[in-house]
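# Coordinates in review
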Amino acid sequence: MAAALKDIEQTDEVLMTRAQAGDTNAFTALYDRHVEEAFRVARAICRDPGRAEDAVQEGFLAIWRGRANYQADAGGFRAWSMRIVKNRTIDSFRSAASRPPVQAGDANSKRPQADTDAPSPQAEAVVRSERDDLLASLRRLPKAQFEVIALAFYGELSHSEIAARLDLPAGTVKGRMRLGLEKLRREMDHPERGSSAGNGLGR
């Protein structure tokens, strides 16, 4: 119990330094500290609780495996970890976009308990900020790519449904989505580059 209390009191950077040395208890403390926010961020992107939880788990597994690459002076653990979770969410979305979305009421869907609790004002602000950032990034994509990704993200349509809606070949929809998601990932990795991008016609 004393060790757990000590972990709670330590900063992210101290815990991550310990995790980089192989301390799994320190990494568990980081996970417990940030998992609820990570889930809200992932859900703000994909709007699917089951897929969001999977992306969070995969994201933190990637964080553990890549912990040696963490540098505290590159923006702090929170920003670094949330960027990884965002990228995993986009990857999950890209691989599952052609399948029907998981329904929020699915009894087999598991998620962090915090999803059933009323979020704090701070958590709501984080979600709004992440959602606004995502929408801004989407709007900087070429119009054709923005259109198919928006229909998939917010309309929860499959590739075939988007193709029918836009009267396009399914291969064209998949190509535009792949290119758009790749650009979205690059911008999330390097947000300072996004401000100079325009919303052209694209493919």
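The following refers to the structure shown. Remember, it's a predicted structure, so these values are computed and weren't measured experimentally. (Residues numbered from 1 in each chain as written. Predicted model: local features only at pLDDT ≥ 70, side-chain atom pairs only at ≥ 80, totals over all residues. Heavy atoms only, no water.)

### Details of the overall build of the protein
Condition: Helix and strand definitions follow DSSP, with helices as H or I runs of at least four residues and strands as E runs of at least two, each counted in order from the N terminus. Buried means the residue's accessible area, taken with a 1.4 Å probe over protein chains only, is under 20% of the maximum for its type, while exposed means over 50%, and partly exposed covers the values in between.
Within the protein, the secondary structure is distributed over nine helices and zero strands. Every one of the 203 residues in the protein was classed for burial, and the buried ones make up 43%.

### Some thoughts on the packing of helix H7 (residues 143-153) against helix H8 (residues 159-166)
Rules: Angles here are taken between N-to-C directions and fall from 0 to 180 degrees, while the axes themselves are lines fitted to C-alpha atoms, restricted in helices to the stretch in contact. Any angle between 65 and 115 degrees counts as roughly perpendicular, while under 35 counts as roughly parallel, over 145 as roughly antiparallel, and the rest as oblique. Helix crossings get a hand from a simple test, with the near helix turned counterclockwise from the far one by less than a right angle marking a left-handed crossing and a clockwise turn marking a right-handed one. For this analysis, residues touch if any pair of their heavy atoms sits within 4.5 Å. Basically, the charged four are Asp, Glu, Lys and Arg, the nonpolar ten are Ala, Val, Leu, Ile, Met, Phe, Trp, Tyr, Cys and Pro, and anything else, Gly included, counts as polar.
Between H7 and H8, the least distance of the axes is 10 Å, while the angle of their chain directions is 125°. Comparing their axes, H8 and H7 come out oblique. When you trace H7 past H8, the crossing you get is right-handed. Contacts from Glu-147, Val-148, Leu-151 and Ala-152 in H7 reach Ile-162, Arg-165 and Leu-166 in H8. Within the contact of H7 with H8, the residues separate by chemical class into five nonpolar, no polar and two charged.

### What about the pattern of salt bridges?
The following threshold applies: By definition here, a salt bridge exists when the distance from a side-chain nitrogen of Lys or Arg to a carboxyl oxygen of Asp or Glu is within 4 Å.
A full pass over the atoms with the stated rule returns four salt bridges. Note that Asp-23 and Arg-18 form a salt bridge whose closest N and O atoms lie 2.8 Å from each other. The salt bridge involving Glu-182 is made with Arg-178; its shortest N-O contact spans 3.7 Å. Taken together, the residues Glu-182 and Arg-178, both in helix H9 (residues 170-189) and four residues apart, mark about one turn of the helix.

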